[in-house]
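Close look at the chain arrangement
Each chain, letter by letter, is given below.
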Amino acid sequence: HPTAINRMSAASPNTSPLVDNGKIDVVWLKHDVRLHDHGPLSLLARDNASSRPCIILYLYEPDQLCEKTVHGSHVEFVNEGLVDLDVRLSGGQPTNEQNLTIYNHQFQCITVCYAGAVFTLRTIHKQRPINQILCHLETGHLKSFARDKAVRRWCRSSNIPIRELDQTGVTRCLKDRDDFSVNFKKFINQPMWSTPSPQQLVHMREHRLLSANNESIQLHGRCRSPMKPTDIQQIPEEHKGDRVERQYGGETKAFGMLHSFLTHRGANYSAGISSPNTSWTSCSRLSPYLTWGHISLRYVIVTTQRKQEELREHRKRNKSRGEAPSLWLRSLASFQSRMHWRSHFIQKLESQPSLEVQDQCLAFSHLRRQPGDFNESYYESWCEGKTGYPYVDACMRCLRHCGWINFRARAMLVSFATYNLWLDWKRIASYLARLFLDYEPGIHYPQLQMQSGVTGINAMRVYNVTKQGKDQDPNGVFIRKHVPELRNVPVEYIHEPFGMPVSVQTKCGVIIGNGGDSAAAVEKTSLFQTKQYTPAETDIMLSDRQCVYYPAPIVDEKAAAKAAKDKLSGVRKQQSTKEEAEEVYLKHGSRRTRGTADGAKPKALSSTAKRVKVDHGQMSITTSWKRADEESADNLGDYSEGDASRTDGVDNHVEKQPAIASQISPAIEKVGSPTKSPTKASTITSFFAQKEKVSAVAKPTVRDEVDLSKEEEHNSSWSCNMCTYINEKPLALACSVCGSVRT
């Protein structure tokens, strides 16, 4: 990677006037469609002595638009930002009109093309030699990373300097994670790039800028107006639509959103951030503008710092007055920490681009990827918001409608998908990316892995979705808004409608559990119900009361979560996992100190060793693990298979699983563990007892007999079928070297 431009040398004025030597400067816009704190545009505006032509270029790149994470709402948002910036550069005043008029806009200052980056730059260079390319550093998905590398290779081969300016505080080629916070603070403390003045813009337009209508350079795919998503063939038809109630793009809207947050909405940030009912106004709502570069991260942080200073001064002058300033200060401090958190996660993807396609801790790579793990019907129900859990469904439908929801709801959706439904995070990543208007790869993929429990350095975060609904939407206001089938359901049943008696369902006009719209679907009646409807009864309810269907829960929430946590815990306890997690922490872990000389160690690492108590001062994680293993080895002679109470923190202990773990669904089937003979139906939860009544009393299958016949093999060392390593731990579920599931 080329080194980013040095700020001070770049900002220094030229010592001698430059003349037009036939070359041209190119400002390449990507995720930075704004005028304020924009390094490349600021450099052009400052260079008044130069007469060298310049071009401001934005590209609809086919190779980027074919990425599976692209959605029509993203393109619409970008188009609104392009129009806003073009109006500003032209000296006009941006309006707040919606996108009904943006497609009538004719570009004046920004040259827009529907073509690839290297192809367009090469075309410009052939007609007018490029003096330099100015752009911002970008941490994107793998396709954008490949595009950037291709542009740099071409620049090197053509002897053209390309200057990439920092705009997020992320360090390229970071050698030591301990340096991230220092570098980030340096970036924030640097002066912002000056916004070009009206006089500078006039000079740039009259003496330097090649307008969008200039025909001196012939470009393929030139766009006179913004390109509609429906005209972009790389986007699948089903993804070309827009979100009905999404936010409107552009620098003008971004400024207005920040202003309203810092003047009145931000006071309730800390208190209202978790509930979907309050987060719509108490959250900053700046994330889409930060993602697409319509507002600068540094501008947001610095402006917030000024607000904090004003509040502190106000508190000093008015100590005897109310609590408002303290409430404000707490909220803004929390907001600032999340701005730092944002770049912290983007740095992870910058340092390891492969996080988009592989687990951060490779020891978990086999989980959720065994044959039969991915349940297509579960996935479709989750995508459509028809899981039978009202709060989950409301959050998903809200996303489909608006393109935004608060962080806690997002984390819950991922947790439910990856734990309760046992879906692979990689299989749900692109769908969520299309839903999120603020899709930021550097946050998206590390967060998906964190919420899925495969980072190795974070504790498992399994949300009780029913409890979340009761805590964050106690009266069901949010649920009724986005799940209209339940709008008439009483409060006492709004979070668990499957518990409604038949008479209440009839009164509310909703049938719980029938998946179709005809009497033929009656046989699918919810197993939570105490009575199953006959076809005649269903027809009467549908005709007389105009009832609608709402699905029953597709999984047993608690049993599915426990089965998933047990499987992850089995991998986390392995010594090889702990060693790999230590390496992950050194590369990506947070470095905030908590009273120890070497900084805080991740809780997840110590929890994998059952929080072994250390009486000899602060030790490294590796030392703690070694001591735990030594202690467990000394006691190994006393260990028996029936002893399920040991918690020495070693791999020799395997907790017994309840019978429900293997009978919920193939999606949460116990991977790699010996299959027990089916138990009596009385050991199964009430919901799935009815669903599995027949299979629960069945005789052991051939597979059961084979697995049981192999029970003796688990009492000795075993060879991994993948890497042939001889594993000494007889009860290990996976190979300690390659992580492959034991077969």
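Everything here concerns the structure above.
Our subject in this report is the structure included herewith. Treat the numbers as computed from the prediction; the structure is a model and nothing was measured. (Residues numbered from 1 in each chain as written. Predicted model: local features only at pLDDT ≥ 70, side-chain atom pairs only at ≥ 80, totals over all residues. Heavy atoms only, no water.)

Our focus in this paragraph is the overall build of the protein chain. Across its full length, the protein chain holds 30 helices and ten strands. Of all 743 residues assigned to the protein chain, the portion counted as buried reaches 55%. Excluding contacts between residues fewer than 6 apart, the proportion of contacts in the protein chain whose partners are at least 24 apart in sequence is 75%. By element, 51% of the accessible surface of the protein chain is carried by carbon and sulfur atoms, the whole surface being about 33,000 Å². (Helix = DSSP H or I, 4+ residues; strand = E, 2+ residues; numbered from the N terminus. Buried < 20%, exposed > 50% of the residue type's maximum accessible area, 1.4 Å probe, protein only. Contact = heavy atoms within 4.5 Å. Areas by Shrake-Rupley, 256 points an atom, 1.4 Å probe, with all protein chains shown as cover.)

The biggest cluster of nonpolar side chains holds 67 residues, and the ones touching the most others in it are W382, I428 and L486. Setting aside its immediate chain neighbours within four residues, W382 contacts T387, M396, L413, F416, A417, L421, I428, Y431 and L432. In this structure, A254, L262, Y289 and I301 belong to the second largest nonpolar core, which totals 64 residues. (Core = buried A, V, L, I, M, F, W, Y, C linked by side-chain atoms within 4.5 Å.)

Time to look at unusual backbone geometry. A positive phi angle, near 65°, is found at R368, a position not held by glycine. In this structure, R368 sits in the loop between α14 (324-351) and α15 (376-384). Overall, the relative accessible area of 3% leaves R368 in the buried class. Despite not being glycine, W422 shows a phi value in the positive range, around 55°.

The next point concerns helix α24 (residues 557-572). Two residues of an α-helix separated by three or four positions point the same way, owing to the 3.6 residues in each turn. Taking 1.5 Å of rise per residue, the 16 residues of α24 would be expected to cover 22 Å, and the 22 Å separating its terminal C-alpha atoms lies within 8% of that figure. Within the sequence span of α24, burial applies to E557, A559, A560, A561, A563, A564, D566, K567, L568, V571 and R572. For α24, the side-chain oxygen to backbone nitrogen distance between the N-cap and K558 is 3.3 Å, and the N-cap itself is D556. (Expected span 1.5 Å × (residues − 1). Polar contact = N/O pair within 3.5 Å; in protein donor to acceptor, adjacent residues only side chain to side chain.)

Mapped onto the secondary structure, Y289 falls in helix α12 (residues 287-291). With relative accessibility at 1%, the residue Y289 sits in the buried group. Residues Y289 and G249, spaced 40 residues apart in sequence, show a C-alpha to C-alpha distance of 7.0 Å. Contact partners of Y289, with chain neighbours within four places excluded, come to F77, Q247, Y248, G249, G250, K253, A254, M257, H294 and I295.

For the rest of this paragraph, the subject is the side chain of H482. Along the chain, H482 falls in helix α21 (residues 477-482). Note on H482: relative accessible area 11%, which makes it buried. Ignoring any residue separated from it by four or fewer positions in sequence, one finds H482 in contact with A394, R397 and C398.

Attention now goes to the sheet that holds strand β4 (residues 130-136). If you trace the six strands from one edge of the open sheet to the other, you get β5-β4-β1-β2-β3-β6, paired in mixed fashion. Among the strands making up the open sheet, the edge pair consists of β5 (162-165) and β6 (222-223). Bridge count for strand β3 (residues 110-113) against β6 is two bridges, and the pairing is antiparallel. Bridge pairing in β6 places V112 opposite C223. Contacting β1 (24-29), β2 (54-59) and β4, helix α5 (residues 117-127) runs over the sheet at an angle of about 155° to β2. (Pairing = 2+ DSSP bridges. Axes fitted to C-alpha atoms, helices over the stretch in contact; angles between N-to-C directions.)

Attention shifts here to the packing of α15 against helix α16 (residues 390-402). It is the contact of α15 with α16, at a shortest axis distance of 7 Å, that shows an interaxial angle of 65°. Two secondary-structure elements touch here, α15 through W382, C383 and E384 and α16 through M396, R397 and R400. Counted by class, the contact of α15 with α16 contains three nonpolar, no polar and three charged residues. (Nonpolar A, V, L, I, M, F, W, Y, C, P; charged D, E, K, R; others polar.)

What follows is about the pattern of salt bridges. Taken as a whole and assessed by the stated rule, the structure comprises 26 salt bridges. Note that E384 and K386 form a salt bridge whose closest N and O atoms lie 4.0 Å from each other. By relative accessible area, which is 36% here, E384 ends up partly exposed. The partner of K467 in a salt bridge is D471, with the nearest N and O atoms 2.7 Å apart. Of this pair, K467 and D471 both sit in helix α20 (residues 465-472), separated by four residues, roughly a single helical turn. Taking relative accessible area as the criterion, K467 reaches 47% and is therefore assigned partly exposed. For D471, a relative accessible area of 43% translates into the label partly exposed. A single salt-bridge network, built from bridges that share partners, covers K30, E61, E138, R147 and D148. (Salt bridge = Lys/Arg side-chain N within 4 Å of Asp/Glu carboxyl O.)

Right, let's talk about a positive patch on the surface for a bit. Together, R312, R315, K316 and K319 make up a region of like positive charge exposed at the surface. Looking at where R315 falls in the secondary structure, it is placed in helix α13 (residues 297-317). (Patch = residues over 30% accessible without salt bridge, like charges linked within 9 Å, V, L, I, M, F, W, Y side chains within 5 Å. Lys, Arg positive; Asp, Glu negative; His and termini not counted. Charge placed at Lys NZ, Arg CZ, Asp CG, Glu CD.)

Looking now at empty space enclosed by the protein. This structure, assessed with the given rule, holds eight cavities of 30 Å³ or more. Taken as a whole, the largest cavity spans an internal volume of roughly 680 Å³. K30, H31, E138, H141 and W292 are, among the 38 residues lining the largest cavity, the residues nearest its centre. Mapped by element, the contributors of at least two residues to the lining of the largest cavity are β1, β2, α3 (62-65), α4 (72-89), α6 (142-157), α12 and α14. (1 Å grid on protein atoms, 1.4 Å probe; cavity = no way out; pocket = protein on both sides within 12 Å on 5 of 7 lines; lining within 4 Å. Points joined across faces, edges and corners; volume = space filled by probe spheres on them.)

Turning our attention to the environment of G116. Along the chain, G116 falls in the loop between β3 and α5. Counting along the chain gives 53 residues from G116 to D63, while the straight-line C-alpha distance between them is 6.9 Å. Look past the residues within four positions of G116 in its chain and what remains in contact with it is L59 and P62.

Another point: the pairing of β1. Counting buried residues in β1 gives six out of six residues, a clear majority hidden from the surface. Side chains I24, V26 and W28 of β1 all project onto a buried face; the interleaved residues D25, V27 and L29 project onto the opposite face, where all are buried too. When β1 meets β4, the two strands line up parallel, connected through four bridges. Note on β4: the bridge partner recorded for V26 is I133. In this structure, β1 lies alongside β2, joined through five bridges in parallel fashion.

What follows is about α20. Within α20, burial applies to V465, T466, Q468, G469 and Q472. Along the axis of α20, the buried residues cluster in a sector spanning 160°; they form a single face. Residues of α20 that are buried make contact with α16, α17 (407-420) and α24. Between the side-chain oxygen of the N-cap and the backbone nitrogen of T466 there are 3.2 Å, and the N-cap of α20 in question is N464. (Arc of directions from axis to C-beta.)

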